[in-house]
Amino acid sequence: MRKTIPAVLLLLTLASATSVWAHAFPDNSAPHVGATVSPSPKTVQIWFDGEIEPVFSTIIVKNAAGVRVSQGKGAVSSSDNTLLQTTLPTPLPPGQYWVYWSVIARDGHHTAGRFPFTVS
Ligand SMILES: [Cu+2]
């Protein structure tokens, strides 16, 4: 019986470590990170490795001058809770653009990042 308690504590430690790793991170995107695309895409999409909260998750695209070129703060897809997307209302002129994303995973943890793509 003496060895039972440390075994239970170890299991609890592993369980809490697993939940810490459950933050959402990007799995894939369109355009891909660092890609050069032509013509200008109509949308920018990021697929995450877990479900994200629609209310607190945002995606914004800015041009090299830091001016926002996407509509609003984007939205989580109504049919796929791992997909965050935004619309580019007008075709982008050639140049480099940055995608800024910020999401809350189902475990309540916040992650954020950015990546570039180029329109040629
Ligand atoms: Cu987490």
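Residues numbered from 1 in each chain as written. Predicted model: local features only at pLDDT ≥ 70, side-chain atom pairs only at ≥ 80, totals over all residues. Heavy atoms only, no water.

Description of the overall build of the chain
Thinking step 1. Broken down by element type, the chain carries 1 helix and 8 strands.
Thinking step 2. Moving toward the C terminus, one meets the helices and strands of the chain in the order α-β-β-β-β-β-β-β-β.
Thinking step 3. In the chain, 58% of the contacts between residues at least 6 apart in sequence involve partners at least 24 apart.
Thinking step 4. A total accessible area of about 7,400 Å² is found for the chain, and carbon and sulfur atoms account for 61% of it. (Helix = DSSP H or I, 4+ residues; strand = E, 2+ residues; numbered from the N terminus. Contact = heavy atoms within 4.5 Å. Areas by Shrake-Rupley, 256 points an atom, 1.4 Å probe, with all protein chains shown as cover.)

Some words on the pattern of salt bridges
Thinking step 1. The final tally for this structure, using the stated rule, is 2 salt bridges.
Thinking step 2. Salt-bridge contacts for R106 lead to E51; the nearest nitrogen and oxygen are separated by 2.8 Å. On the criterion of sequence distance, the pair formed by R106 in the loop between β7 (95-104) and β8 (110-119) and E51 in the loop between β3 (43-48) and β4 (58-63) is long-range, its members being 55 residues apart.
Thinking step 3. Note on R106: relative accessible area 44%, which makes it partly exposed. (Salt bridge = Lys/Arg side-chain N within 4 Å of Asp/Glu carboxyl O. Buried < 20%, exposed > 50% of the residue type's maximum accessible area, 1.4 Å probe, protein only.)

Brief notes about unusual backbone geometry
Most peptide bonds adopt trans geometry, and most residues besides glycine take a negative phi value.
Thinking step 1. In this structure, P31 follows A30 across a cis peptide bond, with omega equal to -5 degrees.
Thinking step 2. In this fold, P31 is placed in the loop between β1 (26-30) and β2 (36-37).

Things to note about the coordination of the copper ion
Thinking step 1. Distances from the copper ion to its protein donors, namely H23 (ND1), D107 (OD) and H109 (ND1), fall within the range 1.9 to 2.0 Å.
Thinking step 2. Mapping the donors of the copper ion onto the primary sequence gives the spacing H-x83-D-x1-H. Pair noted here: H23 is in the loop between α1 (4-20) and β1 and H109 is in the loop between β7 and β8, with a separation of 86 residues, a long-range link. (Donors = N, O, S within 2.8 Å, 3.2 Å for Na, K, Ca; no water.)

Points about the confidence of the model for the chain
Thinking step 1. Confidence in the prediction for the chain averages 89 pLDDT; 82% of positions are at 70 or higher.
Thinking step 2. Long-range and interchain partners of residues 8-19, a stretch whose pLDDT sits below 50, account for 2 contacts in this model, where long-range means more than four residues apart. (pLDDT = per-residue confidence, 0-100.)

Some remarks on the nonpolar core
Inside soluble globular proteins, nonpolar side chains tend to come together where they are buried.
Thinking step 1. Formed by 22 residues in total, the largest nonpolar core has its most connected members in F48, V61, L84, V99 and F117.
Thinking step 2. Going through the elements one at a time, β3, β4, β7 and β8 are the ones with two or more residues in this core.
Thinking step 3. Here V99 is in contact with V44, I46, I59, I60, V61, G113, R114, F115 and F117, once residues within four sequence places are set aside. (Core = buried A, V, L, I, M, F, W, Y, C linked by side-chain atoms within 4.5 Å.)

Some details on the sheet that holds strand β6 (residues 83-87)
To summarise the sheet geometry, strands pair through backbone hydrogen bonds and adopt either a parallel or an antiparallel arrangement.
Thinking step 1. If you trace the 4 strands from one edge of the open sheet to the other, you get β1-β3-β6-β5, paired in antiparallel fashion. Of all strands in the sheet, those with a lone pairing partner are β1 and β5 (75-76), marking the two edges.
Thinking step 2. In terms of strand pairing, β5 meets β6 through 2 bridges, oriented antiparallel. Considered in β6, the bridge of V76 is made with L84. (Pairing = 2+ DSSP bridges.)

Quick look at the sheet that holds β8
Thinking step 1. Taken together, 4 strands build an open sheet; the order of strands is β2-β8-β7-β4 and the sheet is mixed. Only two strands of the sheet have a single partner each, and these edge strands are β2 and β4.
Thinking step 2. Note: β2 against β8, 2 bridges, orientation parallel. Looking at the pairing, T36 lines up with T118 of β8.

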